[in-house]
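# Topology and contacts: notes
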Amino acid sequence: MTTITLDNYRHKGLRIQLVELLRSKDISDEAVLSAINEVPRHVFLDSSFVELAYQDMAFPIGSGQTISQPSTVAFQTQLLSLTKGMKVLEIGTGSGYQACVLAAMGAKVFSIERQRNLYFKTKEILEQLPFRVKTFLGDGFEGLPTYAPFDRVIITAGAPKIPEVLVEQMKTGGIMVIPMDNAVGEGQTMLKITKMDDGSLKKEEFGDFKFVPMLKELGND
Ligand code: SAH
């Protein structure tokens, strides 16, 4: 069983510094900054990385996966324009950190992970935290028809295309934030997709990022 290390003054101090760093990197949504300030990122990393948990870096979390960089988490969350009570679908639970940031903002979070071991490891950590996140083991490309429609969809793995099924599971006026594989085959372009009243999709681009790939089959690593 993975037992989490309690938050101490040092962690809290490091988080305040992280929030200031994110402000300097154009994160201006106070609700996002306050959630970053609230969620103890060190509990999502293997204990050998605790000292580095509040630097703006991505880290390995096992099963060949990574916890996204805080500035990327903040950037994607800011693009969602989230308000309290919204239903959010996350693809790629990974460490569970992004899911907790969304929950700290008052969202009802439904998160899917395809890697079995990671799914169980993260579930254990989430059960010890005060953030309400529902996690599911499955293929994110299929979404969660039982819980649809969602106000927001956030994809935290590099997607080869816009998953139609996930667009269908989104409310009109809903927003999807998705890192989409770019034409060069290196990394992704961050897209914000808004589902318009007539069903068409408004697409806006927000720069280049690097994510682990969104894959179809369940994994056992
Ligand atoms: N949001 C995570 C970042 C995880 S990295 C965090 O805050 O830590 C991306 C994750 O997406 C990985 O854990 C990977 O296993 C998962 N993933 C990849 N393809 C997927 C799919 N089709 N369905 C669900 N999860 C997927």
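Right above here is the structure, for reference.
The model shown is predicted, which means the values in this text are computed figures rather than measured ones.

### So, helix α2 (residues 30-38)
Taken residue by residue, α2 has Val32, Leu33, Ala35 and Ile36 as its buried positions. In an axial view of α2, the angular spread of the buried residues amounts to 160°, which keeps them on one side of the axis. Buried residues along α2 sit against α1 (9-24), α3 (70-79) and α4 (97-104).

### Structural notes on the sheet that holds strand β7 (residues 170-181)
Read across the open sheet, the 7 strands follow the order β5-β4-β3-β6-β7-β8-β9; overall the sheet is mixed. Each of the sheet's edge strands pairs with one partner strand only, and the pair in question is β5 (133-137) and β9 (201-209). Strand after strand, the sheet turns through a mean of 15° between neighbouring axes, direction not considered. Examined bridge by bridge, strand β6 (residues 150-155) and β7 share 4 bridges and lie parallel to one another. By the bridge assignment for β7, Ile154 is matched with Val177.

### So, the pattern of salt bridges
Using the criterion set out here, one finds 7 salt bridges in the structure. For Arg23, the salt bridge identified is with Glu20, shortest N-O distance 3.5 Å. Of this pair, Arg23 and Glu20 both sit in helix α1, 3 residues apart, which is roughly one turn of the helix. Asp56 is the partner of Lys25 in a salt bridge, and the nearest nitrogen-oxygen pair spans 2.6 Å. A residue pair is termed long-range when its members are at least 10 positions apart, and Lys25 in the loop between α1 and α2 and Asp56 in the loop between α2 and β1 (59-62) qualify at 31 residues. For Lys25, a relative accessible area of 40% puts it in the partly exposed group. The structure contains a network of salt bridges with shared partners spanning Glu20, Arg23 and Glu30.

### Here we look at the packing of aromatic side chains
A full pass over the atoms with the stated rule returns 9 aromatic pairs. Each ring, one from Phe110 and one from Phe150, has its centre 5.7 Å from the other, and the planes form 65°; the classification is edge-to-face. In this pair, Phe110 is assigned in strand β4 (residues 108-113) and Phe150 in strand β6, connecting sequence segments 40 residues apart. You can call Phe110 buried: its relative accessible area is 8%. We classify Phe150 as buried; its relative accessible area is 0%. Pairing Tyr119 with Phe120 gives two aromatic rings, centres 4.9 Å apart and planes at 75°, and the pair type is edge-to-face. Residue Tyr119 is classed as buried on the basis of its relative accessible area of 12%. With relative accessibility at 46%, the residue Phe120 sits in the partly exposed group. Aromatic ring contacts, followed pair by pair, group Phe75, Phe206, Phe209 and Phe211 into a single cluster. The lysine or arginine in question, Lys12, covers the ring of Tyr9, its NZ or CZ lying 5.4 Å from the ring centre.

Conventions and cut-offs
Residues numbered from 1 in each chain as written. Predicted model: local features only at pLDDT ≥ 70, side-chain atom pairs only at ≥ 80, totals over all residues. Heavy atoms only, no water. Buried < 20%, exposed > 50% of the residue type's maximum accessible area, 1.4 Å probe, protein only. Helix = DSSP H or I, 4+ residues; strand = E, 2+ residues; numbered from the N terminus. Arc of directions from axis to C-beta. Contact = heavy atoms within 4.5 Å. Pairing = 2+ DSSP bridges. Axes fitted to C-alpha atoms, helices over the stretch in contact; angles between N-to-C directions. Salt bridge = Lys/Arg side-chain N within 4 Å of Asp/Glu carboxyl O. Phe/Tyr/Trp six-rings, centres within 6.5 Å; stacked < 30°, edge-to-face > 60°. Lys NZ or Arg CZ within 6 Å of the ring centre and 35° of its normal.

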